[in-house]
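Per-entry structural report
Each chain, written out:
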Amino acid sequence: MASPTSALGRVRTFEALDEKTTTKLKRALDESNDTTVFVNGTALQLPREAHEALIEVLSRFALGESVSIGTPELLLNTSQAAQMAGISNSYLRKLADAGTIPVEYRGTHRRIRPSAIQDWLDSRSGTDN
């Protein structure tokens, strides 16, 4: 079975830094092996993954670039969505084509958010009682 694809959910863009700050940041990053942040006066050393993500963002700022940060959101193909819903692929496609289950297109391929399937399942469970 194919792996789910992802799309960016919420995205926020931050403008590039001024040249003076960029120069200071470049120097600091050249010496960086870990990152400690202060949150409400408490020092916290970031885990490796968070350190790497932060260094990536700061490195792009140091290059004078703007930075966008987004949250990946899972998208399913119709077979994966049908399996999640417990229905046939053809029935899922009919629901999608009718607009009952919202879809996004990547070229000609339908992609469906798991939350759309869950919303549809939840709406059906309310009508069964």
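Residues numbered from 1 in each chain as written. Predicted model: local features only at pLDDT ≥ 70, side-chain atom pairs only at ≥ 80, totals over all residues. Heavy atoms only, no water.

**Remarks on the packing of helix 1 (residues 19-30) against helix 2 (residues 48-62)**
Heads up, the condition is: Where helices are involved, their axes are fitted lines through C-alpha atoms of the stretch in contact, as for all axes, and angles between N-to-C directions lie from 0 to 180°. To qualify as a helix, a DSSP run of H or I must reach at least 4 residues; to qualify as a strand, a run of E must reach at least 2; elements of each kind are numbered from the N terminus. With respect to orientation, any angle under 35 degrees is reported as roughly parallel, any angle over 145 as roughly antiparallel, any angle of 65 to 115 as roughly perpendicular, and every other angle as oblique. By the definition used in this description, the sense in which the near helix is turned from the far one sets the handedness, with an anticlockwise turn below a right angle giving left-handed and a clockwise turn giving right-handed. Working rule for contacts: check all heavy atoms of both residues, and any pair within 4.5 Å makes them a contact. Under the scheme applied here, ten amino acids are nonpolar (Ala, Val, Leu, Ile, Met, Phe, Trp, Tyr, Cys and Pro), four are charged (Asp, Glu, Lys and Arg), and all others, including Gly, are polar.
Direction vectors running N to C along helix 1 and helix 2 enclose 140 degrees, while the axes themselves pass 8 Å from each other. As far as their axial angle goes, helix 2 and helix 1 are oblique. Judged by the twist between their axes, the crossing of helix 1 over helix 2 is left-handed. Residues Thr22, Leu25, Lys26 and Leu29 of helix 1 touch helix 2, and the partners they reach there are Ile55, Leu58, Ser59, Phe61 and Ala62. Its residues placed into classes, the contact of helix 1 with helix 2 shows six nonpolar, two polar and one charged.

**So, the packing of aromatic side chains**
Defined as follows: Aromatic contacts are taken between Phe, Tyr and Trp rings whose centres are within 6.5 Å, Trp giving its six-membered ring; a plane angle under 30 degrees counts as stacked, one over 60 as edge-to-face, and the others as tilted.
What the rule picks out here adds up to one aromatic pair. Measuring from ring centre to ring centre gives 6.4 Å for Tyr91 and Trp120, while their planes differ by 65 degrees; the resulting arrangement is edge-to-face. In this pair, Tyr91 sits in helix 4 (residues 89-97) while Trp120 sits in helix 5 (residues 114-127), placing the two residues 29 residues apart along the sequence.

**Let's talk about helix 3 (residues 78-85)**
Operational definition: Only protein chains enter the accessibility calculation, which uses a 1.4 Å probe; a residue is then buried when its area is under 20% of its type maximum, exposed when over 50%, and partly exposed in between. A 3.5 Å cut-off defines polar contacts: any pair of N or O atoms within that distance qualifies, except that in protein one atom must be a possible hydrogen donor and the other a possible acceptor, and neighbouring residues in sequence count only when both atoms are side-chain atoms.
Here helix 3 has its buried residues at Thr78, Gln80, Ala81, Ala82 and Ala85. Where helix 3 starts, the residue carrying a side-chain oxygen 3.1 Å from the main-chain nitrogen of Ser79 turns out to be Asn77.

**Some thoughts on the confidence of the model for the protein chain**
Note the cut-off: A score from 0 to 100, pLDDT tells how confident the predictor is in each residue.
Across the protein chain, the average pLDDT comes to 84, with 88% of residues at or above 70. Per-residue pLDDT, averaged within each element of the protein chain, yields its smallest value for strand 1 (residues 5-14) (65) and its largest for helix 4 (95).

**Digging into the pairing of strand 2 (residues 36-39)**
Worth spelling out the cut-off: Only strands joined by at least two bridges in the DSSP assignment are considered to pair.
Of the strand pairs in this sheet, strand 2 and strand 3 (residues 42-45) are connected by four bridges, and their pairing is antiparallel. The residue of strand 3 that forms the bridge with Val39 is Thr42. The turn joining strand 2 and strand 3, which pair antiparallel and follow one another in sequence, is formed by two residues; a positive phi near 50 degrees is taken by Asn40.

**Focus on the nonpolar core**
The criterion, for reference: Nonpolar cores were defined as sets of buried Ala, Val, Leu, Ile, Met, Phe, Trp, Tyr and Cys residues, with membership established by side-chain atoms within 4.5 Å.
Judged by nonpolar contacts, Leu76, Ala81, Ala82, Ala85, Ile87, Leu92, Leu95, Ile101, Ile112, Ala116, Ile117 and Trp120 together constitute the single largest core of twelve residues. Secondary structure elements with two or more residues in this core: helix 3, helix 4 and helix 5. Excluding residues that lie within four positions of it along the chain, Ile112 makes contacts with Leu75, Leu76, Thr78, Ala81, Leu92, Ile101, Pro102, Val103 and Ile117. Grouped together as the second largest cluster of nonpolar side chains are six residues, Leu25, Leu29, Phe61 and Ala62 included.

**Structural notes on the environment of Trp120**
Assessed through its relative accessible area of 8%, Trp120 is described here as buried. Here the alpha-carbon distance between Trp120 and Thr100, two residues 20 residues apart in the chain, equals 7.8 Å. With near-sequence residues (within four places) excluded, Trp120 lies in contact with Ala85, Ile87, Tyr91, Leu95, Thr100 and Ile101.

**Side note on the packing of helix 3 against helix 4**
Contact pair helix 3 / helix 4: the axes reach a minimum separation of 9 Å and the direction vectors enclose 100 degrees. Taken as axis vectors, helix 3 and helix 4 run roughly perpendicular relative to one another. Of the residues in helix 4, those in contact with Thr78, Ser79, Ala81 and Ala82 of helix 3 are Asn89, Leu92 and Arg93.

**What to know about helix 2**
The condition is simple: In this scheme, a helix's expected span is set at 1.5 Å multiplied by one less than its residue total. Here, the arc refers to the directions that run from the helix axis to the C-beta atoms.
Over its 15 residues, helix 2 extends 20 Å from the first C-alpha to the last, a length consistent with the 21 Å expected when each residue adds 1.5 Å. Taken together, the buried positions of helix 2 are His51, Ile55, Phe61 and Ala62. Down the axis of helix 2, the smallest arc covering the buried residues is 115 degrees, so these residues share one side. Two residues or fewer past helix 2, Gly64 is found with a positive phi of approximately 80 degrees.

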